[in-house]
Amino acid sequence: MTGQQVEQSTVTLLTPRGRGAVATIRVCGNCQTIDSADPSLFQAANGRRMAQQPVGRICFGHWGEQQQEDVVVCRISNDVVEIHCHGGDAAVGRILEDLKSAGCCVQPWFDSLVETASIFEAELHNAVSRATTLRTAEILLRQQSGLLHAAIKQLIPVEWTSEEIGRVTGRLDGLIRRIDFGRHLTSPWNVVIAGRPNVGKSSLINALVGFSRSIVFDQPGTTRDVVDTETAFQGWPVRLADTAGIRDSADKLESAGIELARERLADADCRILLLDISQEPLPEDDVLLVEWPNSIVVAHKCDLPDLWNGRVPQSAIQVSSLTKHGLENLVDCLINRLIPAIPPDDAAVPVTKRQTDLLLSARTAIGRNDETEFRTAVQQLLN
Ligand code: GDP
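Attention in this report is confined to the structure presented alongside it. These numbers were taken from a predicted model, which means no experiment stands behind them.

Turning to the pattern of salt bridges, a few remarks are in order. For side chains of opposite charge, pairing can occur when their charged atoms come near one another. Applying the stated criterion to the full structure yields 15 salt bridges. Of the charged contacts, one joins Arg 142 and Asp 345 as a salt bridge, the two residues approaching to 3.3 Å between their closest N and O atoms. Highlighted residues: Arg 142 in helix H6 (residues 134-153) and Asp 345 in the loop between helix H12 (327-338) and helix H13 (353-367), separated in sequence by 203 residues. When its relative accessible area of 53% is taken as the criterion, Asp 345 is described as exposed. With a closest N to O distance of 3.1 Å, Asp 285 and Arg 196 form a salt bridge. Pair noted here: Asp 285 is in helix H11 (residues 283-291) and Arg 196 is in the loop between strand E8 (189-194) and helix H9 (201-209), with a separation of 89 residues, a long-range link. When sorted by exposure, Asp 285 lands in the same class as Arg 196, which is buried.

Set out below in structure tokens:
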């Protein structure tokens, strides 16, 4: 194999990293790269070398000499081979590394998309691959199928008249209003659960998610770091953060955890404040309620006698993580807060940061009555 041949082969991981049971790696170029490595990277069960495998036929075999990995390989064409392996990071990483050592150039999936599609098409493709629920995937697929493209094309004014500018501005503002929703189609909404130690934060997350993930322990101050759990409610992806119990603490490690909890509270899309109504209220409860006024308040452990004597805020949702009472109500309330208006099926939604930035630039340009800058931003959106 000559140095020139080696450079021609590119390797791309086609499936999202670490997300599926099976991963697919595509090798484009000279498939002899796989045969020529010493020791050979792939041993087919039928004993043939890669270059001798018939095109379009699936072939089982092993990857590597030591610690062999089971793989299924298919020559898609004379110069494209697809390797299907275990979807875990270790198997994928090892195959990519071996191919790199054999002289292949590893090309990120997005870069390989841009070679044959516009940035606009590639980023929608990429967004669909990052969907974690059916509901978000459906919305993203509708954008990919032309909905977003058509909506952006409608932003191009026929003439730069005040009537036309008014019409375009209305459409542009409609898209801008959906920026936050669109961002969360590929990145979960962040919900932070806060309350003093032992109010039942970990228990509530476990009850909501349906499995025991956080440590549930009845000595205050166990959760020192922010522990994230990703889940979905009604098809919407949500990241629940279990914060350190917020209270004054002399313990340095715990204080750092509390500081982190405050930062996460400030950045959250929604906050759930837990009050333990089976214990008399403490000043820390009031501090939380005053500091984070727009939160969902939960009167927790409502299976036990209420010791707050009418001091629980009226809007509080009664919940017991033990009996599961009130969980559905809490989830409904949370989703209403996160997504007050779910866009209709035929609504165009911007889904990437590039789209968002260009839409906002277009809005600034139209506000300044700058036709050239406006048309440039819209044209870039479609690139
Ligand atoms: P955290 O420190 O806020 O995360 O609190 P935990 O989730 O560790 O819970 C503290 C204690 O409260 C544990 O003994 C839980 O079993 C108990 N607990 C949590 N939720 C409930 C509830 O809804 N009802 C009752 N009776 N006990 C609960």
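A complete count under the given rule lists four aromatic pairs for this structure. Seen from their ring centres, Phe 181 and Trp 236 are 5.6 Å apart, and the 70° between their planes marks the pair as edge-to-face. Taken as a pair, Phe 181 in helix H8 (residues 179-183) and Trp 236 in strand E10 (residues 236-242) lie far apart in primary sequence, 55 residues in all. The exposure class of Trp 236 is buried, given its relative accessible area of 1%. An angle of 80° between the planes, with centres 6.0 Å apart, marks the rings of Trp 189 and Trp 236 as edge-to-face.

Moving on, we get to the side chain of Arg 75. On the secondary structure map, Arg 75 appears in strand E5 (residues 69-77). One buried charged side chain, Arg 75, makes no salt bridge at all; its nearest oppositely charged neighbour is Asp 79, positioned 7.7 Å away. From its side chain, Arg 75 meets the backbone oxygen of Asn 78 in a polar contact 3.3 Å long.

A separate point is the sheet that holds E5. One open sheet accounts for seven strands, arranged E3-E4-E5-E6-E2-E1-E7; its pairing is mixed. Strand pairing shows two members of the sheet lacking a second neighbour, strand E3 (42-44) and strand E7 (105-106), which therefore form its edges. As defined by bridge partners, E5 adjoins strand E6 (residues 80-86) across five bridges and the pair is classed as antiparallel. Across the sheet, residue Arg 75 finds its bridge partner in E6, namely Val 81.

Structurally, Ser 295 can be placed in the loop between H11 and strand E12 (296-300). At 2.7 Å, the side chain of Ser 295 and the backbone oxygen of Trp 292 are in polar contact.

It is the contact of H6 with helix H14 (residues 371-382), at a shortest axis distance of 10 Å, that shows an interaxial angle of 165°. Relative to H14, the element H6 is oriented roughly antiparallel. You can see that H6 and H14 cross each other, and the crossing is left-handed. Across from His 149, Ile 152 and Lys 153 in H6, the residues of H14 making contact are Val 378, Leu 381 and Leu 382. Looking at the contact of H6 with H14 residue by residue, the class counts come to four nonpolar, one polar and one charged.

Below, the discussion takes up the site of the ligand. As a structural note, the neighbourhood of the ligand is formed by 16 residues, with Lys 201, Ser 202, Ser 203, Asp 303 and Ser 321 the closest of them. Contact distances for the ligand include 3.2 Å between an oxygen atom and a backbone N or O atom of Leu 322. Protein chains bury 85% of the 580 Å² of accessible surface belonging to the ligand in isolation. In terms of residues, the shell around the ligand owes the most to one element, H9, which gives three residues. Considering only residue class, the shell around the ligand consists of five nonpolar, seven polar and four charged.

Rules behind the numbers
- The written sequence of each chain sets the order in which its residues are numbered from 1.
- Restriction of local features to residues with pLDDT of at least 70 applies here, the model being predicted, together with a cutoff of 80 or more for giving and counting side-chain atom pairs; totals for whole chains, interfaces and linings are based on all residues.
- Processing note: side-chain calculations cover all non-hydrogen atoms of the structure and skip hydrogens and water entirely.
- Each reported salt bridge corresponds to a side-chain nitrogen of Lys or Arg within 4 Å of a carboxyl oxygen of Asp or Glu.
- To qualify as a helix, a DSSP run of H or I must reach at least 4 residues; to qualify as a strand, a run of E must reach at least 2; elements of each kind are numbered from the N terminus.
- Burial classification: accessible surface area is computed with a 1.4 Å probe over protein chains only, and a residue below 20% of its type maximum counts as buried, one above 50% as exposed, and the rest as partly exposed.
- Two rings from Phe, Tyr or Trp (for Trp, the six-membered ring) form a pair when their centres sit within 6.5 Å of each other. Planes less than 30 degrees apart are called stacked, planes more than 60 degrees apart edge-to-face, and all others tilted.
- In this tally, Lys and Arg are treated as positive and Asp and Glu as negative; His is ignored, and so are the chain termini.
- Under the rule applied, a polar contact is a pair of N or O atoms within 3.5 Å (in protein, one hydrogen donor and one hydrogen acceptor; residues adjacent in sequence only if both atoms are side-chain atoms).
- Strand pairing is assigned whenever DSSP identifies at least 2 bridges connecting the two strands.
- Note on geometry: axes are lines fitted to C-alpha atoms, helical ones only across the stretch in contact, with angles between N-to-C directions running from 0 to 180 degrees.
- Here roughly perpendicular refers to angles of 65 to 115 degrees, roughly parallel to angles under 35, roughly antiparallel to angles over 145, and oblique to all remaining angles.
- Rotating anticlockwise by less than a right angle from the far helix to the near helix defines a left-handed crossing, while the corresponding clockwise rotation defines a right-handed one.
- Here a residue-residue contact requires only that any non-hydrogen atoms of the pair lie within 4.5 Å.
- When residues are grouped by polarity, Ala, Val, Leu, Ile, Met, Phe, Trp, Tyr, Cys and Pro land in nonpolar, Asp, Glu, Lys and Arg in charged, and all others, Gly among them, in polar.
- Nearness of a residue to a molecule or strand requires only that one of the residue's heavy atoms be within 4 Å of it.
- Computed with the Shrake-Rupley method and a 1.4 Å probe, the accessible areas treat only the protein chains shown as cover for residues.

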